[in-house]
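# Geometric and topological summary
For reference, the chains in residue letters:
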Amino acid sequence: MTNATRATPRRNSPRVATWRWIAAVLALSQLAAPFLTRAVAGDFLASGATNEALITPAGYAFGLWSLITLLSATTMLAVLRFGLGAWWETSVLVDASVVFAGFSLWLLVAAQGWLWVSVVVFVVMVAALSHIMRLLVRRRHDLTCQRWLAVLATATFGLYLGWSTVAVFANVTAALIDSGVSPAVVWWQLVVLVLATAFAIGLATMLRGTPGYVAGVLWALVAIAVGAAQRDSSVLATTAAVAALLVAAAGVTAMRRHRVP
């Protein structure tokens, strides 16, 4: 494929149109998945290994899932109607479909207590989201859609990735506890938190400090600080707060470095 061909994509080709529909349907399915899972398995996230760690985010934080799934549905319906117009749009739609299906699958396997499987599911979701965001941020000049749609898509997937970045490590923590590691020991959870922070800083830098991503990470880290404080772990609460400041600083620095004069 030549650069000229890439610059003028067939926006309404059958393949692109098909994947727009698939992504939109799967995005809408995310809205129903939590209710269906709760009806079958109850509120499984409120107890067990998923809620025992000292670095478990405070309960209010999980309400972000509602916003993420609503934004995902809104974004994909807009893409279904207008399209992104970039030659790599199909790649974004395929990755988005993997993410949306992964969310429902994660609820299913977590409800069954298959916590290491849930880690794998989240890793795949984060990989797909990272690829989507790399295209939306670093190749935004390829987009021919209206600016509001580009902003909406970048904010939606950025928020999704930011929250999911920390959720991967939260799922690893839950899986370790389920495997017999003590949830009362601070040092190993401190290591997990430091690794999560380093990973988040790396992505914030790669994604040029895009606000959606940074906001998702900060929401999670602040909630971890609150949750750790509620569990009387001042060391982890302080570490999470400092981590939030470091991620924010990395985001601002990256944004300034790539700001167009």
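Rules and cut-offs
- Residues numbered from 1 in each chain as written.
- Predicted model: local features only at pLDDT ≥ 70, side-chain atom pairs only at ≥ 80, totals over all residues.
- Heavy atoms only, no water.
- Helix = DSSP H or I, 4+ residues; strand = E, 2+ residues; numbered from the N terminus.
- Contact = heavy atoms within 4.5 Å.
- Expected span 1.5 Å × (residues − 1).
- Buried < 20%, exposed > 50% of the residue type's maximum accessible area, 1.4 Å probe, protein only.
- Axes fitted to C-alpha atoms, helices over the stretch in contact; angles between N-to-C directions.
- Left-handed = near helix turned anticlockwise from the far one by under 90°.
- Nonpolar A, V, L, I, M, F, W, Y, C, P; charged D, E, K, R; others polar.
- Phe/Tyr/Trp six-rings, centres within 6.5 Å; stacked < 30°, edge-to-face > 60°.
- UniProt positions renumbered as here; feature names shortened; annotations may be inferred.

### Some points on the environment of Tyr60
On the secondary structure map, Tyr60 appears in the loop between helix H2 (14-41) and helix H3 (64-82). Sequence separation of Tyr60 and Ala223 is 163 residues, and the distance between their C-alpha atoms is 7.9 Å. The residues contacting Tyr60, other than those within four sequence positions of it, are Trp219, Val222, Ala223 and Val226.

### Side note on helix H7 (residues 186-206)
In this model, H7 (21 residues) spans 30 Å end to end at C-alpha, consistent with the 30 Å of a helix rising 1.5 Å per residue. Buried within H7 are the following residues: Trp188, Gln189, Val192, Leu193, Ala196, Thr197, Ala200, Leu203 and Ala204. Buried-residue contacts for H7 involve helix H5 (115-138), helix H6 (147-178), helix H8 (211-230) and helix H9 (234-257). At the exit of H7 stands Arg208, carrying a positive phi of roughly 60°.

### Looking at the packing of H3 against helix H4 (residues 89-111)
Describing two packed helices takes the angle between their axes plus the distance from one axis to the other. The interhelical angle for the contact between H3 and H4, taken along N-to-C directions, is 145°, at an axis separation of 12 Å. Taken as a pair, H3 and H4 cross one another with a handedness that is left-handed. Packed against H3, whose contacting residues are Trp65, Thr69, Ser72, Met76 and Val79, the element H4 presents Glu89, Leu93, Phe100, Phe103 and Trp106 at the interface. Residues belonging to the contact of H3 with H4 are distributed by class as follows: seven nonpolar, two polar and one charged.

### Topic: the packing of aromatic side chains
Applying the stated criterion to the full structure yields 13 aromatic pairs. With 6.3 Å between their ring centres and 90° between their planes, Trp65 and Trp163 make a pair best called edge-to-face. Note that Trp65 is positioned in helix H3 and Trp163 in helix H6, a separation of 98 residues in sequence. Members of the aromatic cluster, joined through ring pairs, are Phe62, Trp65, Phe100, Phe103, Trp106, Phe122, Phe157, Tyr160 and Trp163.

### Points about unusual backbone geometry
Backbone geometry at Arg208 places phi at a positive 60°, although glycine is not the residue there. Topologically, Arg208 is positioned in the loop between H7 and H8. The partly exposed category is assigned to Arg208, whose relative accessible area is 22%.

### Describing the UniProt feature "transmembrane region" (unreviewed entry) in the protein
What UniProt calls "transmembrane region" (unreviewed entry) maps, in this numbering, to residues 57-80, 92-109, 115-137, 149-174, 186-205, 212-229 and 235-255. Structurally, residues 92-109 is divided into 100% helix and 0% strand, and its ends, taken at the C-alpha atoms, are 25 Å apart. Segment residues 186-205 splits into 100% helix and 0% strand. End C-alpha atoms: 29 Å apart.

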